[in-house]
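These are the residues of each chain, in order.
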Amino acid sequence: MAHRHVINTQIAILGAGPAGLMLSHLLAKAGIESTVLELRSHQEIAETARAGILEHGSVKLLVDSGVSDRVVRNGDRHDGIELRFNGESHRIDFQDLVGESVWLYPQTDVFLDLAGRRQADGGDVRYSVTDTTVHDLEGEAKVWFTDADGVDFELRADFVAGADGSRSYCRSLIPEAQRKRYFHEYPFAWFGVLAEAPRSSEELIYANSDHGFALISQRTETVQRMYFQCDPDEDVNNWSDERIWETFRSRVNGNGFELKEGPVLDKTVLKFRSSVHTPMRHGKLFLAGDAAHTVPPTGAKGLNLALNDVKVLFEGLDSFYQTGSTALLDTYSSRALDRVWKAQQFSYWMTSMLHTPAEADDFQRARQLGELNAVVSSHHGRAYLAEAYTGWPGAR
Ligand code: PHB
């Protein structure tokens, strides 16, 4: 085998998405070294369209840790959402119910802020690496990889953080007999549209209708993001602009509300599922973000959960290097999973309450409307939604 250049670090981080970069940033601030390895190029990650809602706790983490205040300068604070069903809108007033807000700020911008901060601070982040393999998790952990210039390296580290996304390689390093996969598949997907049009509403609209679910989100003054429930096997090529707008009209228009339309700039089908892989820690390996769990986008929890994992993991690592105690590392998995399962419940609930299964019979459809009505007509129902959507208090 060709010679490998040996480099030493404290934490080897696989994945330069928001989870991996945020962990590296927090560690650097505490004087703990890390190297981040990423298979994709910087450009590829920056061009991946993702959801755009940040809980107040996620915003606080980005701002307080000094990543960037762009989220509060350029992002939009949202104090509520609208739930629309039976042709009528019902506002869930977050400020009034729980005194919190969320920020609309696309994940791409979170990535750019984090990548920019790591670069400005001289962080070791290597994009476009190949042939990444992890060795000796029981002894001195090593990560072999080939960098973008084709040079082979051996990265030696105290710990490995697997922040390598939903198709995680790191996850497979946990012996099969010791891990468990929880999984739920949904009989629908989202048809995502980016359209050139003015905003149709101040706040996001989550609409349930006999024809299925639709979500009206936003990006800028002139570009809007929206989604409608579709079949997982839907082909975007079968959808003309007119057919897309006709679908949105049938799901959200009515009672004086009319969606503003315009040229469709991009269309994609997003498949989704709920999954959790436990435990999130095995010896020197810690999983964070999508590598350990995925949620349907209805609750907008994916990125927020990833940032929470990283915060909890950072506390454990920081405490270990400061005191030598592994106590917080030992409870990482259960402390992170506490919020993961709350978010799984919320995302599942929002998804099943708002989407209309193609095979739903009259009873199921009427029951669903009963559920929506029960939520919006009850202070407690609205408060549960508001608390979950804006984000529960941090992990203990
Ligand atoms: C988005 O703006 O892309 C978005 C917003 C809220 C969601 C999902 C996606 O629940």
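Figured I'd write up the structure that's included with this text.

Conventions we followed
- Residues numbered from 1 in each chain as written.
- Predicted model: local features only at pLDDT ≥ 70, side-chain atom pairs only at ≥ 80, totals over all residues.
- Heavy atoms only, no water.
- Helix = DSSP H or I, 4+ residues; strand = E, 2+ residues; numbered from the N terminus.
- Contact = heavy atoms within 4.5 Å.
- Near = heavy atom within 4 Å.
- Polar contact = N/O pair within 3.5 Å; in protein donor to acceptor, adjacent residues only side chain to side chain.
- Areas by Shrake-Rupley, 256 points an atom, 1.4 Å probe, with all protein chains shown as cover.
- Nonpolar A, V, L, I, M, F, W, Y, C, P; charged D, E, K, R; others polar.
- Core = buried A, V, L, I, M, F, W, Y, C linked by side-chain atoms within 4.5 Å.
- Buried < 20%, exposed > 50% of the residue type's maximum accessible area, 1.4 Å probe, protein only.
- Salt bridge = Lys/Arg side-chain N within 4 Å of Asp/Glu carboxyl O.

### Considering the side chain of S58
Stage number 1. Tracing the sequence through the fold places S58 in helix α3 (residues 56–64).
Stage number 2. When near neighbours in sequence (up to four residues on either side) are disregarded, S58 contacts N304 and L307.

### Some details on the site of the ligand
Stage number 1. Surveying the vicinity of the ligand reveals 14 residues, the closest of which are Y206, S217, R219, Y227 and P297.
Stage number 2. Here an oxygen atom of the ligand and a side-chain polar atom of Y206 are 2.7 Å apart.
Stage number 3. Within the contact set of the ligand, an oxygen atom lies 3.3 Å away from a backbone nitrogen or oxygen of T298.
Stage number 4. Across the complex, the protein chains shield 100% of the 280 Å² of accessible surface that the ligand would expose by itself.
Stage number 5. Looking at the shell around the ligand residue by residue, the classes come out as 9 nonpolar, 3 polar and 2 charged.

### Description of the nonpolar core
Stage number 1. Counting 102 residues, the largest nonpolar core has Y206, L385 and Y389 as the members making the most contacts within it.
Stage number 2. Per-element accounting of this core gives the leading share, 10 residues, to helix α10 (residues 332–354).
Stage number 3. Listed in part, the 20 residues of the second largest apolar core include C230, V252, L259 and V264.

### Description of the pattern of salt bridges
Stage number 1. Tallying each qualifying case throughout the model produces 25 salt bridges.
Stage number 2. Measuring nitrogen to oxygen at the nearest pair gives 2.7 Å for the salt bridge that ties R70 to D113. On the criterion of sequence distance, the pair formed by R70 in helix α4 (residues 70–74) and D113 in helix α6 (residues 107–120) is long-range, its members being 43 residues apart.
Stage number 3. Here D113 falls in the buried class, since its relative accessible area comes to 10%.
Stage number 4. Across the salt bridge formed by R335 and E315, the nearest N and O atoms sit 3.6 Å from each other. Of this pair, R335 sits in helix α10 while E315 sits in helix α8 (residues 302–323), placing them 20 residues apart in sequence.
Stage number 5. Take R335: its relative accessible area is 12%, and that puts it in the buried class.
Stage number 6. What emerges from the salt-bridge pattern is a single network uniting E242, E246, R249 and E261.

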